Amino acid sequence: MCGILCSVTFSSGEPVDDNALNAQLESLRKANAERGPDSSVWYHTRVEAKDPMHRNVDIACYSSVLHLRGDTVTRQPLVSADGNILCFNGEIFEGLDINKHENDASKLFGLLNASGSDDIAKVLGSVEGCYAFVFYHNSSKRLFFGRDPLGRRSLLLHIPVTSNDSLVITSVGGSDVPQMSFEEVCTDAIMCLDLMTNTRSTNLPSSAFAIPLSEVPRKLESRVFTRIPKLNVSWTETEPQIQTIDDQILPSHALHGLTSQFIQTLEESVRLRVKDIPYQADGNIARVAILFSGGIDCTVIALLADRHVPPSEPIDLLNVAFENPRKLRNQSQTGKMKAGQNSTTQKVVDPYAVPDRESGLEELDELRTLCPGRIWNFVEVNVDFEEARSAQKKVLALMYPRQTVMDLSLALALYFASRGKGRVLNPETRQSATYISTARVILSGLGADELLGGYGRHRTAYQIGGWSKVIDELQLDLDRIPTRNLGRDDRVISSHGKETRYPFLSIPFVSFAAGLPVQVKIDPRLPLGCGEKMILRLAAARLGLKSASTRKKRAMQFGSRSARMEGDQKGHLLVDAES
Ligand SMILES: Nc1ncnc2c1ncn2[C@@H]1O[C@H](COP(=O)(O)OP(=O)(O)OP(=O)(O)O)[C@@H](O)[C@H]1O
Ligand SMILES: NC(=O)CC[C@H](N)C(=O)O
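Residues numbered from 1 in each chain as written. Chains lettered and ligands numbered in written order. Predicted model: local features only at pLDDT ≥ 70, side-chain atom pairs only at ≥ 80, totals over all residues. Heavy atoms only, no water.

1. Regarding the nonpolar core
Here is step 1: Judged by nonpolar contacts, the single largest core of 72 residues is most densely connected at Phe262, Ile290, Val300, Leu317 and Leu451.
Here is step 2: When residues are assigned to domains, this core turns out to be shared by domain 1 (3–217) and domain 2 (259–450 + 485–514 + 555–578), each giving three or more.
Here is step 3: Sequence-distant contacts of Ile290, defined by excluding residues within four places in its chain, comprise Cys298, Ala302, Ala305, Ile315, Asp316, Leu317, Leu318 and Leu443.
Here is step 4: Among the nonpolar cores identified, the runner-up in size contains 31 residues, and Phe385, Ala391, Ala417 and Ala439 belong to it. (Core = buried A, V, L, I, M, F, W, Y, C linked by side-chain atoms within 4.5 Å. Buried < 20%, exposed > 50% of the residue type's maximum accessible area, 1.4 Å probe, protein only. Domains from an automatic or database assignment. Contact = heavy atoms within 4.5 Å.)

Laid out in C-alpha cells, this is it:
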C-alpha cells in the first residue's frame, strides 16, 4: 500500500524556525515510507501570493509506492507539465479501462488533468476501488483530497490551530507528533482547499485564523460508484425460507436463483481483486494471501480466489493465534477442578490451539478436498504474550486516532496476521518449517456480517422490534462501514508494505446485498449457524463448503484470543485509561 503525506504551509516569506515542523514531518514520512517499499519521493511547490499583503503557500507532497499495477513501478507524486500533482494510494478496479501493463494512478491522473476543477468529484465518481488521494489542480490553485465512499483506505487530516502551523494530510499518524492532532478524512464528500481566493493576509491576527477548506459533494448524476446505496426495506411475514437437515443447509425453491446471482457478484469482485498482480522475482511464490480464520466469510473468499489465481501458484492462508495467559490460567484451573483439586497430573495445553486455529485447520481440509491441485500454505502465525506486549506501542501508533481496548485487540490480530511470519506444515512430509508470506495482496472476509446480518445484535433487534428493527440495525451497519474499522485496519496492515482488499466491500457487491430483501439475509427465527448470513450459507453449501456453511460466527479478537490477555478490560475504554 502506498503512503501519502502532504503539508500545506502558509508562509509570510520571513524566515521562520520550522525545525519542530520538520521533525514531525520526518516522523510521519518514516511511517508512510513503510507502506510503500518500491519508491519514495518528495515534491515541493509554491503558490505565490497575489500581492505582498498576502502569504505564499508552500505545498510539500510525499508518496511512497507499493507497486501493484503495471509492468514497472510508477513513481509518485505524479506531476504534469502544467503543474498538477497527484498522490494516489489504492486501486481502481472498475470504471476505467486499465490493461495489465498499465498503471491505474497514471490513467486517473490523465483524466483529472483533462478535467476542469469543477469536475474532479465527477471523475472520481466514475471509478470504483479502494483509494485515498491528494490532487493539486494548478490552474485553479485548489487542492483536493479524499477517500473512496466506503473508506477502504486511510487518510488523516490535521487542521492548523495557529497561523504558524501547517495543514497536514497523511495516510498514517504516529506517536511522535505531539503537536498534531489527526482526524479521519470524511468519506461523504471530496475535500477542497482553495488556495487562490483564500491565500491569507500576512497581518491577520492568529485569532482570525481560518482555513479555506470546503466539501465538494460527490456528483450523483448517472454514476454508480459515488454513494453507498440504501437498504431494501420491504419484508413479508412468511415461513422461514431455509432449513437445516442433518447439518445440511437447504434453500426454498425461491432462493435458488438469488444464490446463483450472489455467487456471481461476489466471484466477480474476487476476480477483479486477484487479477493483474505483478509477479515478484521468484515466479512461484504466492501473490495472494487470505486472512484466514476458517470462518465462513473468508473461506468462501478463498474458494472463489482459487478459481482466478493460476492453478500452479500457491495461495497463503494467514491464521493468527495468541498465547493468552488469562485464558490459559482459566483453562488450567478448569482442568485441575475436573481432575480433582489435589491432582498433580495436568494436561499440557497448546497455547495456540485457539478457536480460529481449529476452524482454520478444518476449513483447510475442506479447501484441499475441493481444490486438490492447489498448494494452500496454511501459515500458523503464533504470537507469544511477550511479543504481543512489545508490539503494543507500535500498533497503538499505527491505529491512532482510534484508541480503545477493542481497537487494540483487533489491530494486534491484524498486525501479526498480515505480517505473515509463521510456520507451515508440509502435508506430505509432515514437517513444519518457518515461513514468511511475501504476498503483497491480502484478501479479507470483512463486510459480510454488516451486509448480511451476521451479528448477534441483529437477532436481538428482531426480539425487540421485529423485522423493521432488524432493517434499522442493518441500515446502521451499512451507514457506518466507512467510519468503523477500515481506516484503522489499513493503517495497521499497510505498515508491512501489503495491501488488503475486501471482496464483500466492492460497491457492486454492496449494492447487490443492500437490494436483497431482509429475509434472504437473516432469519432470526432459525437457529445459530443457519439463520445469520443465510444467503452466504446457501452459497457456501452450493460451492461444496459443507462444514463452512453451518459454522457459527466468532469475532476475530475472541477467535484468535487477542482480547483480554491480562485483565478483563472493557472494550470501549481508551487503552491509556485502562493501564
Ligand atoms: N484468527 C484470524 N486469523 C487471520 N485472519 C482472521 C482471523 N480472524 C478473522 N480474520 C479475518 O478477518 C475477517 C473478518 O472476521 P470475521 O470473524 O467477521 O469473519 P470470518 O471469521 O471469516 O467469519 P465469521 O464472521 O462467520 O466468524 C475474516 O474473514 C478474516 O479475513
Ligand atoms: N499500493 C498502492 O496504493 C498502489 C498504487 C497504484 N495502484 C500502483 O500500483 O502503482
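That covers the picture; the talk isn't over yet.
2. Quick notes on the domain arrangement of the protein
Here is step 1: Under the domain assignment used here, the protein contains domain 1 (3–217) and domain 2 (259–450 + 485–514 + 555–578).
Here is step 2: Here the C-alpha centroids of domain 1 and domain 2 sit 32 Å apart.
Here is step 3: Across the contact, 34 residues belong to domain 1 and 30 residues belong to domain 2.
Here is step 4: Between domain 1 and domain 2, the buried area comes to about 2700 Å², and carbon and sulfur atoms account for 55% of it.
Here is step 5: For domain 1, the biggest contributors to the area lost against domain 2 are Glu34, Leu68 and Phe93; these three give 22% of the whole.
Here is step 6: For the pair domain 1 and domain 2, the number of links is seven salt bridges.
Here is step 7: Across the salt bridge formed by Asp38 and Arg440, the nearest N and O atoms sit 2.7 Å from each other.
Here is step 8: Run the count over domain 1 and domain 2 and you get 13 residue pairs in polar contact (both at pLDDT 80 or more).
Here is step 9: Breaking the side of domain 1 that touches domain 2 down by element, the ones donating at least two residues are β5 (85–94) and β10 (183–184).
Here is step 10: Looking at the side of domain 1 that touches domain 2, the element that brings in the most residues is β5, giving four residues. (Buried area = accessible area lost by both parts, 1.4 Å probe. Salt bridge = Lys/Arg side-chain N within 4 Å of Asp/Glu carboxyl O. Polar contact = N/O pair within 3.5 Å; in protein donor to acceptor, adjacent residues only side chain to side chain. Helix = DSSP H or I, 4+ residues; strand = E, 2+ residues; numbered from the N terminus.)

3. Here's the deal with helix α12 (residues 486–493)
Here is step 1: Among the eight residues in α12, eight count as buried, and that is most of the element.
Here is step 2: Residues of α12 that are buried include every one of Leu486, Gly487, Arg488, Asp489, Asp490, Arg491, Val492 and Ile493, and no others.

4. Things to note about the site of ligand 1
Here is step 1: Neighbouring residues of ligand 1: 20 residues in total, closest Leu291, Ser293, Asp356, Asp449 and Lys553.
Here is step 2: Between Cys298 and ligand 1, the recorded distance is 3.0 Å, taken from a backbone N or O atom to an oxygen atom.
Here is step 3: Residue Gly445 places a main-chain N or O atom 3.1 Å away from an oxygen atom belonging to ligand 1.
Here is step 4: Burial of ligand 1 by the surrounding chains reaches 96%, relative to a free accessible area of 580 Å².
Here is step 5: Listing elements by their share of the shell around ligand 1, those giving two or more residues are α5 (296–306) and β16 (315–322). (Near = heavy atom within 4 Å. Areas by Shrake-Rupley, 256 points an atom, 1.4 Å probe, with all protein chains shown as cover.)

5. Some thoughts on the site of ligand 2
Here is step 1: Cys2, Arg69, Gly90, Asn103 and Asp104 are the nearest of the 11 residues found near ligand 2.
Here is step 2: Contact distances for ligand 2 include 3.2 Å between a nitrogen atom and a backbone N or O atom of Cys2.
Here is step 3: A distance of 2.7 Å separates an oxygen atom of ligand 2 from a polar backbone atom of Gly90.
Here is step 4: A total of 300 Å² of accessible area belongs to ligand 2 in isolation, and the protein chains cover 100% of it.
Here is step 5: The leading source of residues in the shell around ligand 2 is β5, at three residues.
Here is step 6: Of the residues that constitute the shell around ligand 2, the class distribution is four nonpolar, three polar and four charged. (Nonpolar A, V, L, I, M, F, W, Y, C, P; charged D, E, K, R; others polar.)

6. Considerations on the pairing of strand β7 (residues 142–147)
Here is step 1: Of all six residues in β7, six are buried; the element is thus mostly enclosed.
Here is step 2: Neither face of β7 is exposed, since Arg142, Phe144 and Gly146 on one face and Leu143, Phe145 and Arg147 on the opposite face are all buried.
Here is step 3: One ladder, built from six bridges, connects strand β6 (residues 128–137) with β7; its direction is antiparallel. Residue pairing across strands places Phe133 opposite Gly146, the latter belonging to β7.
Here is step 4: Where β6 folds back onto β7 in an antiparallel hairpin, the turn is made up of four residues, including Lys141, whose phi is positive at roughly 55 degrees.
Here is step 5: For β7 and strand β11 (residues 189–194), the ladder comprises four bridges, and the chain directions are antiparallel. Bridging across to β11, Phe144 finds its partner in Cys192. (Pairing = 2+ DSSP bridges.)

7. A look at the sheet that holds strand β4 (residues 78–79)
Here is step 1: Read from one edge of the open sheet, six strands run β4-β5-β6-β7-β11-β12, paired in antiparallel fashion. Of all the strands in the sheet, the pair left with one neighbour each is β4 and β12 (213–217).
Here is step 2: Both β11 and β12 contribute to a ladder of five bridges, which runs antiparallel. Looking at β12, one finds that Met191 is bridged to Glu215.

8. Here's the deal with the UniProt feature "binding site: L-glutamine" (unreviewed entry) in the protein
Here is step 1: Following the UniProt record, the feature "binding site: L-glutamine" (unreviewed entry) maps to Asp104 here.
Here is step 2: For Asp104, a relative accessible area of 3% puts it in the buried group.
Here is step 3: Of note is the side chain of Asp104, whose polar atom sits 3.3 Å from the side chain of Arg69. (UniProt positions renumbered as here; feature names shortened; annotations may be inferred.)

9. Here's the deal with the sheet that holds strand β9 (residues 166–170)
Here is step 1: Read across the sheet, six strands follow the order β2-β3-β1-β9-β8-β10 without closing on themselves; strand pairing throughout is antiparallel. Edge positions in the open sheet fall to β2 (39–47) and β10, since each of these has one partner strand only.
Here is step 2: Across nine bridges, the pairing between β2 and strand β3 (residues 56–65) is antiparallel. Paired with His44 across the two strands is Ala60, which belongs to β3.
Here is step 3: Against the sheet, helix α1 (residues 19–33) makes contact with β1 (3–11), β2, β3 and β9, and its axis sits at roughly 165 degrees relative to β1, the strand it touches most. (Axes fitted to C-alpha atoms, helices over the stretch in contact; angles between N-to-C directions.)

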